Amino acid sequence: MFQNNPLLAQLKQQIEASKEYVEGRVKASDKAFGFLECEKKAYFIPPVEMKKVIHGDMVKAVVKRDGDKESVEIDSLLEPVLDRFVAQVRFNKDGKLQLAVDHPSIKQNISANTHKKVTEKLESGDWVVAQLKTHPLRDDRFFFAQVTQFICKADDNFAPWWVTLARHEQPREPVSNEPNYTLHDELAREDLSSLYFTTIDSPSTQDMDDALYIEPLMQAEAQIGWRLVVAIADPTAYIPLNSNIEKAARQRCFTNYLPGFNIPMLPRELSDDLCSLVPNEKRPALVAYITTDLEGNLTQEATFTSAWVESKAKLAYDNVSDYLEGVENAWQPESDEVKQQIDWLHQFTQARIQWRAKNALLFKESGDYKFELAEDGEVKDIHVEYRRIANQIIEESMIIANICCARFLAEHAKTGIFNTHSGFDPKNYEAVRAFLLSTLGTEENIAELTQRYSPERLATLEGYCDMRHDIESFPENYLELRLRRYLTFAEFKAEVAPHFGLGISHYATWTSPIRKYGDMVNHRLIKQVLLNQPIQAVEESVLARLQEARRQNRLVERDIADWLYARYLQPMVEQAVEFECEIADVSRGGLRAKVIANGAQIFVPFSTIHSNKDEIEFRAEELALYIKGEKAYQIGQAVKVKLTEVRLDTRSIVGNLI
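This structure is a prediction, so every number in the text was calculated from the model and none was measured.

The rules behind the values
Here the residue index of a chain counts from 1 through its sequence in written order. Side-chain atom pairs in this predicted model are given and counted only at pLDDT of 80 or more, local residue features only at pLDDT of at least 70, and totals for whole chains, interfaces and linings cover all residues. To obtain the side-chain values, all non-hydrogen atoms of the structure were included, while hydrogens and water were left out. Helix numbering and strand numbering both begin at the N terminus, where a helix is a DSSP run of H or I of at least 4 residues and a strand a DSSP run of E of at least 2. Expected helix span is given by 1.5 Å per residue-to-residue step, counting one fewer step than there are residues. Using a 1.4 Å probe on the protein chains alone, a residue whose accessible area is under 20% of its type maximum counts as buried, one over 50% counts as exposed, and one in between counts as partly exposed. What makes two strands pair is DSSP finding at least two bridges between them. To define axes, lines are fitted to C-alpha atoms, for helices over the stretch in contact only, and angles between the resulting N-to-C directions are given on a 0 to 180 degree scale. Only rings of Phe, Tyr and Trp enter the pairing, Trp through its six-membered ring, and a pair is recorded when the two centres are within 6.5 Å. The plane angle decides the type: under 30 degrees is stacked, over 60 is edge-to-face, the rest tilted. For a Lys NZ or an Arg CZ to count as sitting over a ring, it must be within 6 Å of the ring centre and within 35 degrees of the ring normal. We call two residues in contact whenever any of their non-hydrogen atoms come within 4.5 Å of each other. Geometric relationships in this document are graded by angle, where less than 35 degrees denotes roughly parallel, more than 145 denotes roughly antiparallel, 65 to 115 denotes roughly perpendicular, and other angles denote oblique. In this classification, Asp, Glu, Lys and Arg are treated as charged, Ala, Val, Leu, Ile, Met, Phe, Trp, Tyr, Cys and Pro as nonpolar, and every other residue, Gly included, as polar.

Explanation requested: helix α8 (residues 336–359) in the structure shown.
For an α-helix, the turn length of 3.6 residues means that residues three or four places apart are oriented alike. Taking 1.5 Å of rise per residue, the 24 residues of α8 would be expected to cover 34 Å, and the 34 Å separating its terminal C-alpha atoms lies within 8% of that figure. For α8, every residue scored as buried is listed here: V338, Q341, I342, D343, L345, H346, F348, T349, A351, R352, W355 and R356.

Below, the structure written as structure tokens:
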């Protein structure tokens, strides 16, 4: 009798219209209840409602009020936090398969079965990939998942690598070798094997992309400049455009350099042998002739050619640096030719460093943290490596070569894969100016700086470089770290655009084609120009894949490092080891301090800094913590931290300020 009743339908509409809906993300607590984090406020989620959701789910809910108390009743699922996920195998008391999701805030185990393609016998603690199949808000059932991939056993010491690669859907094996490789040359190769090329790299490096030869340019018996010849490995000579290897490289985009080993973009037979510029072997190469004056200024357009080259010596960074820095009992060049090349490259590098300091931007030296591993993957030590003079020789040579490549492609191909960076996010220009004025401004210079740091000037390469030069002498890291939060991300583009981070108007890498797919694309474009072939613009899909692959690789590096840091520091908790640190971040929950000696990040909860939370104020615009109205801590500040807890299951490292 109630079917098609207009009064009932009207009543339902009125009830629905009276409901107050909110949308937000579920945040679980250590108890059975949780909170719905909405744009402007958080709502209490009762335990009975939390059974319908998982931490991180995006949901729609109805607000319920009981006096002055507010809570929500979950209405529908907008976006599940879980789809494909990594987990560890568990079994309940009845022997039924369950999965413990590898996420620090997801506590409940999820019932599961196994896909027929997974043939390994699963044991408790094993690592797997699973797919969420059912969700209480999606189909009125409990949570249920299916194991779709076995990763590794519970006791596999290389779990940090295998689990992380699986999480980010990255391959753990090299590309398969072909039965044989044929050189496909359309361009005639110039024979440059008589030039005294050398390589400088780490002793263990097998995939050597670049070799250098340099000579002074003379006029009337006086030196007027330098001719740098940059030889780059030529893998595209072996890889047909639509071959399986090309397709694999287009998907991988980069060689993945991980602690202990790498996963190459190309088959090892190509990357470590046929294409690698190993000493005393003739190798195909793409070569650039670059000329500068004695001050490091480019004096003419670079020319490119296809060639045969032969590296005469494989040199090591530390050996060359020891020699140039005059270290006592240092390694010495084994021949006059090697010595001459090192000395000339050193002089050229000094000129280019001075040129970049004046006309572009130099990197701020911070050092790279390296894990020293045992054969079984255990961390023996972590040490910091700084860029020494030999590293700078290669760095400066590659930078000028990439500048020349970008100019060549912009002029002759009108397309390419250009490395670009537009500086500050436009929405932050006013905030940047306000910050700089408050930090650097005085009564005498405020009017000048207001114009100098105007959004219009900061949006230009010249204005950005001027600003960077202004802060170079600032004594603390605070200014540098704070401004970094206003920056946009670097991008790959098919048209030339400035790279503000380098302070350079043109930049396109071609110097690592064994390791970077974008460099392979630029090699093909250079060859097409030399052959006078028609050129098509680089496809947007290639740029998008490069961008995504770079993001994935950085996440892989970060996640593996977090795991290894936790392993390394866990035995130190009992010793209550203290570290000299720098505050790397300030958030609503606490400080994150970077250990100067090894690069580990230690979280310091606000609750351990000051007992009265009402007297603590976090100021996001300053990345600072105020206590009782006084600034107590800010990003970039030096602090001392005592290690108090390390949890391997969540890779969390916690400490207290000394």
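Now, onward.
Before we go on, may I ask you to explain the sheet that holds strand β28 (residues 630–634) in this structure?
Sheet strands line up and pair through hydrogen bonds in the backbone, either parallel or antiparallel. Spatial ordering of the open sheet is given by β26-β27-β28, a layout of three strands whose pairing is antiparallel. The outermost strands of the open sheet, each flanked by one partner alone, are β26 (616–619) and β28. The mean angle between the axes of side-by-side strands here comes to 30°, regardless of whether they run parallel or antiparallel. With four bridges connecting them, strand β27 (residues 624–627) and β28 associate as antiparallel partners. Considered in β28, the bridge of I627 is made with E630.

It is not clear to me how the packing of aromatic side chains should be interpreted in this structure. Could you clarify?
The description of an aromatic ring pair uses the distance of the two centres, along with the angle that the planes make with each other. Tallying each qualifying case throughout the model produces 18 aromatic pairs. On the numbers, 5.5 Å between centres and 65° between planes, the contact of W127 with W563 is edge-to-face. You can see W127 sitting in strand β9 (residues 127–134) and its partner W563 sitting in helix α16 (residues 540–569), a full 436 residues away along the chain. Accessibility assignment for this pair places W127 and W563 in one class, buried. Relative to W510, the ring of F304 has its centre 5.2 Å away and its plane inclined at 75°; by these criteria the two rings are edge-to-face. Separated by 206 residues along the polypeptide, F304 in strand β18 (residues 303–316) and W510 in the loop between β22 (491–493) and α15 (517–530) bring together distant segments of the chain. Side by side, F304 and W510 carry an identical accessibility label, which is buried. Each member of the aromatic cluster is reached from another via a ring pair, and the members are F158, W161, W162 and F261. The ring of Y21 carries the charged tip of K60 above its face, separated from the ring centre by 4.4 Å.

Looking at this structure, I do not really get the sheet that holds strand β8 (residues 109–114). What am I missing?
The sheet built from five strands closes into a barrel, its strands ordered β6-β7-β8-β10-β9 with mixed pairing. Strand after strand, the sheet turns through a mean of 55° between neighbouring axes, direction not considered. Direction of pairing for strand β6 (residues 84–91) relative to strand β7 (residues 97–101): antiparallel, over a ladder of five bridges. Within β7, the position partnered with Q88 by the bridge is A100. Most of the contacts of helix α4 (residues 159–167) go to strand β10 (residues 144–152), to which it runs at about 130°, and overall it touches β6, β9 and β10.

Please explain the environment of W162 as it appears in this structure.
Within the secondary structure, W162 is located in helix α4. W162 sits in the buried class, given a relative accessible area of 15%. W162 sits 35 residues away from W127 along the chain, and the two C-alpha atoms are 9.1 Å apart. In this view, W162 contacts I151, C152, D156, R172 and F261; residues no more than four positions away in its chain are not counted.

What is the right way to read the pairing of β7 from this model?
Along any regular strand the residues' side chains alternate between the sheet's two faces. In terms of burial, β7 is largely enclosed, as five of its five residues are buried. Residues of β7 alternate between two faces, with L97, L99 and V101 on one and Q98 and A100 on the opposite face, all of them buried. Between β6 and the antiparallel strand that follows it, β7, lie five residues; G95 among them carries a positive phi value of about 80°. Relative to β8, β7 is paired through three bridges, and the arrangement is antiparallel. Paired with A100 across the two strands is N109, which belongs to β8.

Help me understand the pairing of strand β23 (residues 578–586), please; the structure alone is not making it clear to me.
The pairing of β23 with strand β29 (residues 638–647) spans five bridges and is classified as antiparallel. Counted as the bridge partner of E578 is K642 from β29. Across five bridges, the pairing between β23 and strand β24 (residues 590–595) is antiparallel. Paired with E582 across the strands is K594, a residue of β24. Here β23 folds back onto β24 in antiparallel fashion, the turn holding three residues.

Please explain the side chain of R433 as it appears in this structure.
Tracing the sequence through the fold places R433 in helix α10 (residues 429–440). With near-sequence residues (within four places) excluded, R433 lies in contact with T450, Y453, S454 and P455.

Explain the packing of helix α7 (residues 317–325) against α8 here, please?
Each pair of packed helices gets described by two things: the angle between the helix axes and the distance between those axes. Interhelical geometry of α7 versus α8 gives an angle of 75° and a closest axis separation of 11 Å. It follows from the interaxial angle that α7 and α8 lie roughly perpendicular. Contacts between α7 and α8 involve V320, Y323 and L324 from the former and K339, I342, D343 and H346 from the latter. The class makeup of the residues in the contact of α7 with α8 is four nonpolar, one polar and two charged.

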